[in-house]
Amino acid sequence: MATTIAGHGLGAPGTEGPDGGAPDRLEQLTAAGWVLPTGVPGLLGFTAKFESVLTRLQTELTAVDPSASSGPAWYPPVVPRANIDRAEYAESFPQLLGTVHALRVGGASEEGRAADRAPGSRAETDVVLAPAVCYSVYPQIADGTIEEARFFDAVGHCYRHEATSEYGRFRAFRMREFVVVAGQDEAWEWRDAWIARCEALFARLGLKVAVEVASDPFFGPGDRFMRSSQLQQNLKYEFHAPVRDGDPGTAIASANCHKEHLGERFAIDFAGEGPAHSSCMAFGLERTLSALIHAHGDNLDDWPDFG
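What counts and what doesn't
Residues numbered from 1 in each chain as written. Predicted model: local features only at pLDDT ≥ 70, side-chain atom pairs only at ≥ 80, totals over all residues. Heavy atoms only, no water. Helix = DSSP H or I, 4+ residues; strand = E, 2+ residues; numbered from the N terminus. Expected span 1.5 Å × (residues − 1). Buried < 20%, exposed > 50% of the residue type's maximum accessible area, 1.4 Å probe, protein only. Contact = heavy atoms within 4.5 Å. 1 Å grid on protein atoms, 1.4 Å probe; cavity = no way out; pocket = protein on both sides within 12 Å on 5 of 7 lines; lining within 4 Å. Points joined across faces, edges and corners; volume = space filled by probe spheres on them. Nonpolar A, V, L, I, M, F, W, Y, C, P; charged D, E, K, R; others polar. pLDDT = per-residue confidence, 0-100. Phe/Tyr/Trp six-rings, centres within 6.5 Å; stacked < 30°, edge-to-face > 60°. Lys NZ or Arg CZ within 6 Å of the ring centre and 35° of its normal.

Undergrad: Can you tell me about helix H2 (residues 48-64), naming the residues and giving the values?
TA: An ideal rise of 1.5 Å per residue puts 24 Å on 17 residues; H2 measures up with 25 Å between its terminal C-alpha atoms. Of all the residues in H2, the buried ones are Phe 50, Val 53, Leu 54, Leu 57, Gln 58, Glu 60, Leu 61, Thr 62 and Val 64.

So this is what it looks like as structure tokens:
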């Protein structure tokens, strides 16, 4: 039977669910030639079809950046643990951080090599899996003073140890981030301009998004007061769009003001005014493309022209 999703034929013969009913979203996308399941929840491979559209999306994001970016700098999927510790990420999101372990290097004897392979012989390394791309940006200008706003366009592979298996909660994913490090007023104005810019972008791409104030415990240990304060100050806005049937909305992008937190943590001063302020505009690339597939279906001829 062919399955119809949101008015678009996405299914193929043999795509019924295990109980003979409707297939789940991952099965549908696999049958339609978008994704490659790995057998591990939240971890997917992506086909040439998916990647070709993602390239178009990346081109569109480059075009809307007002800093005249020629394209993003790519960062590795691991970052120095010292950078994450300096940003206090683990204090806020200990459950999401992925560490990297390696076998200990022992002696040359057979006994030593056998000990290295024994259970528990792995030790933490000096890198962790990148939870966000911007943690590779701030160290570039750390421990100094900037005299004017600095703009960054960055992309990379990220990892967060999500506990859920629902489609859209990727554990390994790609993030595109536009970042500004500047004075207080410029950082706020930059963030607000990106909110308006994103609303126009998503409308042009045919996505119906809801812009909602949100919170993350960015500022060290995330107690209720800090989250409440963040909401009251409107520091974070998320763009929600459905990525599957029945989805009330998944965050596909966010616009964030960090105030002076990261300027303080990375010792970045701005033009004699004290710690620099920062803001970022982050896009979950797989989530955004998942929302586009849900909105426009499998036939690319039905999609709006972009990229």
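Here the narrative resumes, following the displayed structure.
Undergrad: Describe the environment of Phe 152, listing the residues and the values that go with them.
TA: When you line up the elements, Phe 152 lands in strand E10 (residues 150-159). Remark: the alpha-carbon pair of Phe 152 and Ser 67, spanning 85 residues in sequence, is separated by 8.7 Å. When residues no more than four places from it in sequence are discounted, the contact partners of Phe 152 are Val 137, Gln 140, Ile 141, Glu 177, Phe 178, Val 179 and Val 181.

Undergrad: Residues and numbers for the layout of surface pockets, please.
TA: Of the volumes computed, that of the second largest pocket is approximately 250 Å³. If you go around the second largest pocket, you meet 18 residues; those closest to its centre are Leu 26, Pro 41, Gly 42, Ser 165 and Tyr 167. Tallied by class, residues from the lining of the second largest pocket come to 8 nonpolar, 5 polar and 5 charged.

Undergrad: Please provide a residue-by-residue account of the confidence of the model for the protein, values included.
TA: Taken residue by residue, the protein gives an average pLDDT of 85. The fraction at 70 or more is 81%. Per-residue pLDDT stays below 50 along residues 217-232; that stretch engages in 33 contacts with residues further than four places along the chain or on separate chains.

Undergrad: Residue-level account of the packing of aromatic side chains, with values.
TA: Scanning all chains against the criterion turns up 15 aromatic pairs. With centroids separated by 6.4 Å and ring planes inclined at 70°, the aromatic side chains of Phe 46 and Phe 170 adopt a geometry described as edge-to-face. Taken as a pair, Phe 46 in strand E4 (residues 44-46) and Phe 170 in the loop between E10 and strand E11 (172-182) lie far apart in primary sequence, 124 residues in all. Phe 170 gets classed as buried once you look at its relative accessible area, which sits at 5%. A network of ring pairs unites the aromatic residues Trp 34, Phe 46, Phe 50, Tyr 167, Phe 170, Trp 303 and Phe 306 as a single cluster. Lying over the aromatic face of Trp 34, Lys 49 brings its terminal NZ or CZ to 4.4 Å of the ring centre. Against the face of Trp 194 rests Arg 197, its NZ or CZ located 4.7 Å from the ring centre.

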